[in-house]
Amino acid sequence: MATTQAQIAKKLGLSRSTVAAVLNPHSTVKLRTATKNLVLREAKNMNYRPHRYAQIMRAGKSGLIGIFHFGGLAQVAAERVWHASHAIKEAGYQVLANDASWSPGGVKAGCEAMMDARVEGVIVAGLNDPLSVIELKIFQSARIPIVTLSGNELPGTPQIRADAQDAFERLTRHLITLGRKRLLLLFSLTHHIQQGAYIWAGVERLKGFKNALAAAKGRETDRFLSTRSGIQGVIAGLEFVSDRFDPFRQSREATLDLLAQHPLPDAIICGNDDWAIGALSALRETKLKVPRDVAVTGFDNTAVCSYLDVPLTTVAQPSRAMAERAVELVLKKIQGRRIPSAPIKFPCELIIRSSCGARSFTTSG
């Protein structure tokens with residue numbers, strides 16, 4: 001059974017109101033330092049924990065900010081949540097986190113848990129399912145401030161995101177500058193027919209690739225033409241298959257299928273690092289050398305990229321800055337202050353390594 005303030009008071013021979021004043025961080029009652037230390041020491045010894053619902057009843061606020069996480073085990077998604085959690089605690093709030101991928105019906109159950117806990121604000125991180133918007137609207141109906149951090153937008157809420165379109169445009173342009181002429185874009189373009197919407201991250205990648213191709217006077221084709229046909233771009237937008245324990249398999253199999261066609265690409269631009277690793281596996285199996293025969297790039301700059309046999313060229317998102325800005329906005333909304341309604345985009349860094357055939361360096365947007 002949980003320790004109560006009354007039990008602490010009885011053990012110390014103090015009044016219940018004195019103990020309550022010590023354990024209430026907002027109390028204005030003046031007490032001797034020795035009394036405060038005595039109560040705090042005994043509360044720790046008896047494993048006392050404040051009764052959250054009693055606090056809510058007294059103060060009218062929970063001191064909780066929820067983080068709704070859609071990123072599963074992905075490193076960059078976890079980084080954003082980690083940085084957001086630390087920023088929330090630095091601001092004097094506690095975190096209630098929920099990963100929508102943990103169980104079937106996770107979004108509905110998570111929303112209900114956060115509503116029951118009386119969260120004062122919510123950060124939706126990595127929203128990757130437009131259908132979840134329906135469940136998340138419960139917070140808007142309850143007038144609970146929401147900010148989305150990366151992923152798809154939630155209509156009517158501010159959004160923080162990396163400028164993936166600019167990053168993919170610069171990455172594609174870099175490969176063209178290196179002399180690559182047959183560029184394959186391998187990425188997820190998941191489409192929800194019910195919503196008529198594409199996953200935002202795929203759309204941004206596609207736009208960046210097309211912009212760079214057009215600027216170089218290249219052409220989009222269904223399959224590569226002859227090796228003397230100038231700069232060509234083939235787009236392989238795959239329906240995403242969720243496999244959180246093997247995120248490399250889908251791109252490996254797709255790359256093997258694409259390598260059965262001729263002529264071959266001389267650059268594969270992948271939507272994320274996991275897919276790039278899958279592509280590298282397929283190239284190794286078919287005896288093609290990276291970067292001599294085919295350049296490969298990823299996106300996210302996960303830790304494994306620099307440890308591969310051929311270190312991976314990729315893109316680094318400013319996860320900490322994005323997470324801290326999302327927390328800043330949700331705190332302002334809690335305080336009733338005005339904040340921007342348009343998406344706030346953060347520039348990314350190109351991390352150039354040997355998989356693209358260039359010497360290593362970093363370039364900002």
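Residues numbered from 1 in each chain as written. Predicted model: local features only at pLDDT ≥ 70, side-chain atom pairs only at ≥ 80, totals over all residues. Heavy atoms only, no water.

Enquirer: Even after reading the chapter, I still don't get the packing of aromatic side chains, so can you show me in this structure?
Expert: Under the definition given, this model contains 2 aromatic pairs. Seen in terms of ring centroids, F68 and F70 are 5.6 Å apart; in terms of plane orientation they differ by 25°. Their pairing is stacked. Between the NZ or CZ atom of R205 and the centre of the ring of F299, over which it lies, the distance is 4.4 Å. (Phe/Tyr/Trp six-rings, centres within 6.5 Å; stacked < 30°, edge-to-face > 60°. Lys NZ or Arg CZ within 6 Å of the ring centre and 35° of its normal.)

Enquirer: Explain the pattern of salt bridges to me, please; I cannot follow it from the model alone.
Expert: One side chain can pair with another of opposite charge once the charged atoms of both are near each other. Considering all chains together, one arrives at 15 salt bridges under this definition. A salt bridge links E204 to K345; its shortest N-O distance comes to 3.9 Å. In this pair, E204 is assigned in helix α9 (residues 200-215) and K345 in strand β14 (residues 344-346), connecting sequence segments 141 residues apart. A residue is classified by how much of its surface remains accessible, and K345, at 38% relative accessible area, is partly exposed. (Salt bridge = Lys/Arg side-chain N within 4 Å of Asp/Glu carboxyl O. Helix = DSSP H or I, 4+ residues; strand = E, 2+ residues; numbered from the N terminus. Buried < 20%, exposed > 50% of the residue type's maximum accessible area, 1.4 Å probe, protein only.)

Enquirer: Which parts of the structure should I look at to understand helix α3 (residues 33-45)?
Expert: Structurally, the α-helix is built with 3.6 residues per turn, so residues lying three or four positions apart point the same way. With 13 residues, α3 extends 18 Å between its outermost C-alpha atoms, agreeing within 8% with the 18 Å of an ideal straight helix rising 1.5 Å per residue. Against the buried residues of α3 lie α1 (5-12) and α2 (16-23). Note on α3: the residue one or two positions beyond its end, N47, has a positive phi of about 55°. (Expected span 1.5 Å × (residues − 1). Contact = heavy atoms within 4.5 Å.)

Enquirer: Which parts of the structure should I look at to understand the side chain of R80?
Expert: Among the secondary structure elements, R80 is positioned in helix α5 (residues 75-90). Beyond its immediate stretch of four places on either side in the chain, R80 contacts L149, S150, Q317, S319, M322 and A323.

Enquirer: Help me understand empty space enclosed by the protein, please; the structure alone is not making it clear to me.
Expert: Take a probe with the size of a water molecule and roll it over the atoms, and the empty space left behind shows itself. Per the counting criterion, the structure on display carries 1 cavity of 30 Å³ or more. As for the largest cavity, its lining consists of L184, R223, F224, V234, L258, Q261, P263, L264 and P265. Residue composition of the lining of the largest cavity, grouped by class: 7 nonpolar, 1 polar and 1 charged. (1 Å grid on protein atoms, 1.4 Å probe; cavity = no way out; pocket = protein on both sides within 12 Å on 5 of 7 lines; lining within 4 Å. Points joined across faces, edges and corners; volume = space filled by probe spheres on them. Nonpolar A, V, L, I, M, F, W, Y, C, P; charged D, E, K, R; others polar.)

Enquirer: How should I be thinking about the packing of α1 against α3 in this particular structure?
Expert: Geometry of a packed helix pair, given as the angle between the helix axes and the separation of the axes. Running from N to C, α1 and α3 point in directions that differ by 120°, and their axes come no closer than 10 Å. In terms of orientation, α1 and α3 fall into the oblique class. Note on packing geometry: the crossing formed by α1 with α3 is right-handed. Two secondary-structure elements touch here, α1 through I8, K11 and L12 and α3 through L38, V39, E42 and A43. (Axes fitted to C-alpha atoms, helices over the stretch in contact; angles between N-to-C directions. Parallel < 35°, antiparallel > 145°, perpendicular 65-115°, else oblique. Left-handed = near helix turned anticlockwise from the far one by under 90°.)

Enquirer: Hey, could you run me through the layout of surface pockets in this one?
Expert: The computed volume of the largest pocket comes to approximately 1400 Å³. Taken together, 50 residues make up the lining of the largest pocket; nearest its centre are F70, G71, A74, N128 and F240. Within the residue set of the lining of the largest pocket, elements represented by two or more residues are α5, α6 (106-116), β3 (121-127), β4 (146-151), β6 (182-188), α9, α10 (249-258) and α11 (273-285).

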